Amino acid sequence: MKYLHLIWAALFRRKTRTMLTLVSIVTAFLLFGMLDAVRTAFDSGSKSLVGVDRLITSSRYSIIQSLPQALQSRISGIAGVRDVAYANWFGGIYQDPKNFVFSYAVSPNYLDVYPEIHLAPEQRKAFDSSRTGVVIGPTLAQKYGWKVGDKIPLQSTIFPQKNGDKTWAFDIVGIYSVDDDAANGMDQLFLLHWKYFDEASLYTRHEMGWYIDRLQDASQGDRVSKAIDALSENSDHETKTQTEQAFNASFAKQLGDIGLIVSAIMGAVFFTLILLTANTMTQAVRERTSELAVLKTIGFSSNSVLAMVLAESVMLLVLGGVIGLSLAALLAPIVSKGSGGMLNLPTVGGASWAMGVGLMVIIGLVVGALPAIRAMRLNIVDALAGR
């Protein structure tokens, strides 16, 4: 653009005001990048293509309501079901309440229904033969510096042992690996034996938190889901069977509707940003009334003046927005590392950049429209006369 130098000079005519406005824009788009990463992280488990052949059967009313053990054999008898595993929430804490561990008590065949989890044969053998043995994910091992052979005390937030002690002792016998396309969080699990948990827990009564139903053919999911739920219809333990992706999404939504929360926050941020930048552009154009009149006097058309003011507004937004999104891209992996794997934020991807740049341009045009129209309609004589 041949007028770029004029636009740039006008943009930084009042350096302090422009820098303060840029800080606000950078902050807004930094928040946008980080919050969009949080939303993506929560959505990743429900959008992963891994596990399309798995269904989750849980209580129809609440995930905290357990299901009878006898249901396993009945589900296994349904045509189209390849294997049935089960799990129960343990809710472990390591040393400090802030050190929450995603821990599940699982059936002996739990690892078999998750082919994206890989455990060395000797470690699988040790896990199967050890009552207090556990296998853990690589991210969890790295976070606490755990290794095979360590004895780990874990306090359950819900289930004390029959002797009243809330601290359980486990032996790490294996550290598994996961495929790159595994669902978010799969690399930080703490898996213990359900049998040990059931025998030692004060509250459990041979019941499971949920069943994992692996299908012979993923296309039979709807039919199998209805057949499973029909087994417990009109009983005191009615079930709800859904795809693993849907189950993960509903599990995440127990924390709240992340998409709605993010949208509400960003709506408030960008509304404030529009007011702020609109005020900045209005003042900038008002201060340059005589200068704009001179430009028209020496031959600049009204449309050229309109375009220059709009370009100035868009440039301000794009400059601050690109810096903000770049900072978000740099901070996301740092935040993930600092959380010890509890929050795996993806970097700012192409979709986020496209949406961000689109917002920059749209907001720039919106906040620059009124000042630009006034500049376009400026009467040269009145402007030079100071009227």
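What you see is a predicted model, and the numbers here were worked out from it, not measured in a lab. (Residues numbered from 1 in each chain as written. Predicted model: local features only at pLDDT ≥ 70, side-chain atom pairs only at ≥ 80, totals over all residues. Heavy atoms only, no water.)

Looking at the overall build of the protein
Helices and strands together make up the secondary structure of the protein, namely 13 helices and 14 strands. Counting only residues that meet the buried cut, the protein has 47% of its 387 residues in that class. Contacts in the protein between residues at least 24 apart in sequence constitute 80% of all its contacts with a sequence separation of at least 6. Here the protein displays about 19,000 Å² of accessible surface, and carbon together with sulfur accounts for 61% of that area. (Helix = DSSP H or I, 4+ residues; strand = E, 2+ residues; numbered from the N terminus. Buried < 20%, exposed > 50% of the residue type's maximum accessible area, 1.4 Å probe, protein only. Contact = heavy atoms within 4.5 Å. Areas by Shrake-Rupley, 256 points an atom, 1.4 Å probe, with all protein chains shown as cover.)

Comments concerning unusual backbone geometry
With phi around 65°, Q95 is a residue other than glycine that occupies positive phi space. Tracing the chain through its elements places Q95 in the loop between β4 (92-93) and β5 (100-106). Classification of Q95 by relative accessible area gives exposed; the value is 67%. Phi is positive for N234, close to 65°, though the residue is something other than glycine. Inspection of the secondary structure assignment puts N234 in the loop between α7 (221-231) and β14 (239-243).

Some thoughts on the pairing of strand β9 (residues 167-175)
Taken residue by residue, a regular strand's side chains alternate between the two faces of the sheet. The sheet contact formed by strand β7 (residues 133-136) and β9 spans four bridges and is parallel. Within the sheet, the bridge partner assigned to V135 lies in β9 and is G174. Pairing of strand β8 (residues 151-156) with β9 involves five bridges; the strand directions are antiparallel. Along β9, the bridge assignment pairs L154 with W168. (Pairing = 2+ DSSP bridges.)

Some points on the packing of aromatic side chains
As enumerated under the stated definition, the model contains 23 aromatic pairs in all. Plain terms: the ring middles of Y86 and Y211 are 6.2 Å apart, the flat faces sit at 75° to each other, and that makes the pair edge-to-face. Residue Y86 is located in strand β3 (residues 81-89), and its partner Y211 is located in strand β13 (residues 210-215); the two are separated by 125 residues in the primary sequence. In this structure Y86 comes out as buried when scored by relative accessible area, which is 8%. (Phe/Tyr/Trp six-rings, centres within 6.5 Å; stacked < 30°, edge-to-face > 60°.)

Observations regarding the environment of G356
Among the secondary structure elements, G356 is positioned in helix α12 (residues 350-376). Between the alpha carbons of G356 and V322 there is a distance of 8.3 Å; along the sequence they are 34 residues apart. Contacts of G356, omitting those with residues within four sequence positions, involve F29, F32 and L325.

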